[in-house]
Amino acid sequence: MKPAPSILLVDDNPDDRLLVRRLVGRELPQCRFQEVIDRQGLERALQTGGFDLVITDYHLRWGDGIEITRSIKRELPFVPVVMFTDTGSEEIAVEAMKAGLADYVLKSPKHAVRLPAAVQSVLERSDAQRRLASLESRLHTLLDQLEVGVFRLDLSGRLSEANQACLWLLGYERIDGASGLDLHGLALDEPAGLSLREALLRDGNVRDRELRIRRRDGTEAWVKLTEIMTFNALGERHIEGLMEDITGRKQTEAELVRAREEALAASRVKSEFLANMSHEIRTPMNGVIGMTELLLDTQLEPEQRGFAESIRSSGSALLTLINDILDFSKIEAGRLELESLAFHVRQTISETLRSLAPLSRAKGLELIANVDPLVHDALIGDPGRVRQALTNLIGNAIKFTSQGEIVVSASVDESDADSLLLHLSVRDTGIGIPLERQAEIFDAFSQGDSSTSRRYGGTGLGLSITSRLAALMGGRSWVESQLGQGSTFHFTARLGRAPLTEANTAVPPSELRGRRLLLVEDNTTTRGVITRLIGPWGLDVAQAVEGSEALRMLETAERAKQPFDYALVDIHLQGVSGFEFVERARARGLAPATIVIMTAAGMRGDAQRCRDLGVAGYLIKPVEAQTLLQTLRSTAQNSQPQAGGELVTRHTLERQGRKLRILLAEDNPVNRTVATRLLAKAGHTVRSAEDGLAAVDLCAAESFDLVLMDVQMPGMDGFSATREIRERESGGVRVPIIALTAHAIAGYREKCLEAGMDGYISKPIQPAELFATIQELVP
């Protein structure tokens, strides 16, 4: 229940005091009165307090009402004062109101009756003011406890109110010192354009911004201001807002920016180091491997050939190690970027197997390609990375397989109108992997046998790189294996579909349709793969597992007057070898008109023996569909091959293409020799230049079908030379330019293409990649 109001009555006239008690008590009977008749009593009352209202007369023997009002308001500012007097001077009334008077009532009978209503109204207003003051006090207390600054500005942007956090942030202790401070004027970096005050005046919306300000002591701080236009009860506009100290956050952001810049600088240094090391290592490696390849194409003693083979295999192993380290570092740094190029998946698989065939032949392994006919041949993706993943898996299979076969299969797991999920698998008959090691072999530097006595070398990076490449291409990699029974490694990649060209959809020549072919092959997998390859060509195919069985089939066919037109024979047959089969067939007059020999391990002298026996073709496994088709077509043109005649091989088929005039720009003499010999061996004419300037001059003086341009050369480099050549062509005939570079770093291919080059080959030069790129640019 609300307590009864207490009224201090200041009047030295007892009749007037009685009149007040009667008037007020009649309307407010609950009121309690305390009377004061002199100055001492007033001073004691002011010290004691405890009253809610003061009623005073103006005319007192010991002072006037205005003086008394001022005394009361000094001591008790929240206690209202009502003057009850018989003085009706307007001047006195105004002066009293200025002193803090709440109301002014005359004692005349006409006006005295208004005293109770005036007292009640003043008490109600006083009570409301006390509650409001209490709320404001509590609000200020709460605001001062906040860690976020709270402030109010006038329309000129000057501070009128602020909590303690705001004052501390500005460098002040009390609002007295900061009042009138131009808050926006403290900004050291005021953004250009519409000022905050103008923006708020225009639309009144909440505005956020971050400012760097100068504090009172001269130090700098970062603050975040959130401001909005507000209106008080009188309709006056103010700007109110929050101020948050974000100096720490800004310092952290600046440190992060510095750290990022330092990391980027370190990454650039690392990339430049890797690029330079790649170039410096690959350049001599190109000479070592290239010269060894050329050496192996010459007449060598068996011991010399063994030495040269060791150099080549060691060089290839070193090159693989370099590539793995470079790729792993790029993957770890997140800098490995995939290309999006159109390529032929069968050609990519064939080229990969061809490059690894010498390793499999050296171990006596059968390397077989088995591509599902339903696989769309023209795809869009990164053929280099597909080839790399396949190379890692096949190389791993060769390493851990001592006998038997390695089957590389390609199929499609998922397919739609725009893309497909290509599934590549490599199955071997090697040592297998224990179940407990299968989950970790895709980890970096992990191997199936990590003991110090392990038989197999390697860094353990190949499978890790393959797994990460699969993930980058939207696929995955995994292994299925049983100890002692071999392994099957799987690799999937999401690739786009490219439109098929005429070459992809060409119909086999009619001269093969209906012809009879005898396939003599003891390996079941190879026999099935070749049968599927030649099935669509319309040939009538018969199969034999060994030489003696094949001879019986020739005799049966001859008696039935249905001789075979072709014989496709493996050299390494059980029992009667392939060469022995040909000799016996020739001796009995049973040999088909066209015989093509296949071998997984070509030996020195095989080609000559084929010529001596009148064999028409000699192919190295794995046999590619296009190569086999070209061989059968070429040999069919010579229906009666003679002993000592020309032997059709993959090399002779490649030489049947267009002979080109090629400009080779290469400053390293060893690399120049290697490239020149490779190109000349393919029947091309080569002109060489030792730097970019010489290449530009030769291009201006002579006509070339193709330019092979080394990138890093003294004087004018390959980029500058290419730009100069393109500028001089000025809309004329554009000669294809292929970059030759020892830099195998991400983004370098794009840099070459931006300079105006059309192709890119990284050193050491791989003949298959070189001729495939030439064929693509100059069909």
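Calculation rules
- Residues numbered from 1 in each chain as written.
- Predicted model: local features only at pLDDT ≥ 70, side-chain atom pairs only at ≥ 80, totals over all residues.
- Heavy atoms only, no water.
- 1 Å grid on protein atoms, 1.4 Å probe; cavity = no way out; pocket = protein on both sides within 12 Å on 5 of 7 lines; lining within 4 Å.
- Points joined across faces, edges and corners; volume = space filled by probe spheres on them.
- Helix = DSSP H or I, 4+ residues; strand = E, 2+ residues; numbered from the N terminus.
- Nonpolar A, V, L, I, M, F, W, Y, C, P; charged D, E, K, R; others polar.
- Pairing = 2+ DSSP bridges.
- Axes fitted to C-alpha atoms, helices over the stretch in contact; angles between N-to-C directions.
- Contact = heavy atoms within 4.5 Å.
- Buried < 20%, exposed > 50% of the residue type's maximum accessible area, 1.4 Å probe, protein only.
- Arc of directions from axis to C-beta.
- Polar contact = N/O pair within 3.5 Å; in protein donor to acceptor, adjacent residues only side chain to side chain.
- Right-handed = clockwise from strand over helix to strand, strands pointing away.
- pLDDT = per-residue confidence, 0-100.
- Salt bridge = Lys/Arg side-chain N within 4 Å of Asp/Glu carboxyl O.

(A) Broad picture of the layout of surface pockets. Roughly 530 Å³ of internal volume is contained in the second largest pocket. Looking at the second largest pocket, it is lined by 22 residues, and the ones nearest its centre are H140, L143, E161, A162 and N163. Among the elements of the structure, α6 (115-145), β8 (149-153), β9 (159-162), α7 (164-170), α8 (175-178) and β12 (237-245) are those that each provide at least two residues to the lining of the second largest pocket. Here the lining of the second largest pocket gets 7 residues from one element, more than from any other, and that element is α6. Of the residues assigned to the lining of the second largest pocket, the class counts are 9 nonpolar, 5 polar and 8 charged.

(B) Structural view of the sheet that holds strand β6 (residues 81-85). In spatial order, the strands read β2-β1-β3-β6-β7; together these 5 strands make up an open sheet with parallel pairing. The strands lining the two open edges of the sheet, one partner per strand, are β2 (32-36) and β7 (103-106). Taking each pair of neighbouring strands and ignoring which way they run, the sheet shows an average axis angle of 20 degrees. Where helix α2 (residues 39-48) meets the sheet, it contacts β1 (6-10) and β2, and its direction lies at approximately 135 degrees from that of β2.

(C) Spotlight on unusual backbone geometry. A cis amide bond links K621 to the next residue, P622, at an omega of 0 degrees. The topology assignment puts P622 in the loop between β24 (617-620) and α19 (625-636). Positive phi, normally seen in glycine, also occurs at K561, with a value near 60 degrees. For K561, the position within the fold is in the loop between α16 (547-559) and β22 (566-570).

(D) How the structure looks around helix α22 (residues 692-701). Here α22 has its buried residues at G692, A695, V696 and L698. The buried residues of α22 occupy one face: seen down the axis, they fall within an arc of 165 degrees. Exposed residues lying more than 90 degrees from the buried face of α22 are A700 and A701. Buried residues along α22 sit against β25 (661-665), β26 (685-689), β27 (706-710) and α23 (718-729). The N-cap of α22, judged by a side-chain oxygen 3.2 Å from the amide nitrogen of L693 a few residues on, is D691.

(E) Region of interest: the pairing of β1. For β1, the tally of buried residues reaches 5 of 5 residues, placing the bulk of the element in the interior. A two-sided burial pattern is seen for β1, the buried positions comprising S6, L8 and V10 on one face and I7 and L9 on the other. Between the parallel pair β1 and β2, the chain is carried across by helix α1 (residues 14-27), and the sense of this crossover is right-handed. As paired elements, β1 and strand β3 (residues 53-56) share 4 bridges and run parallel to each other. By the bridge assignment for β3, V10 is matched with T56.

(F) The environment of V288, seen in detail. With respect to the secondary-structure elements, V288 resides in helix α10 (residues 247-296). Here the alpha-carbon distance between V288 and G315, two residues 27 residues apart in the chain, equals 7.1 Å.

(G) Quick look at the confidence of the model for the protein. The pLDDT averaged across the protein works out to 83; a share of 89% of its residues lies at or above 70. Of all secondary-structure elements in the protein, the lowest mean pLDDT belongs to helix α9 (residues 196-203), at 57, while strand β17 (residues 419-428) reaches the highest, 96. Predicted confidence for residues 449-454 stays below pLDDT 50, and this span has 4 contacts to residues more than four positions away or in other chains.

(H) Focus on the side chain of T348. Checked against the element boundaries, T348 lands in helix α12 (residues 345-362). Excluding residues that lie within four positions of it along the chain, T348 makes contacts with F343, P383 and R387.

(I) Representation of the pattern of salt bridges within the structure. Inspection of the entire model under this criterion finds 38 salt bridges. Taking the shortest distance from any N to any O, the salt bridge between E220 and R214 comes out at 3.9 Å. Residue class for R214 comes out partly exposed when judged on its relative accessible area of 38%. Taken together, the shared-partner salt bridges in this structure form one network comprising D11, D16, D57 and K107.

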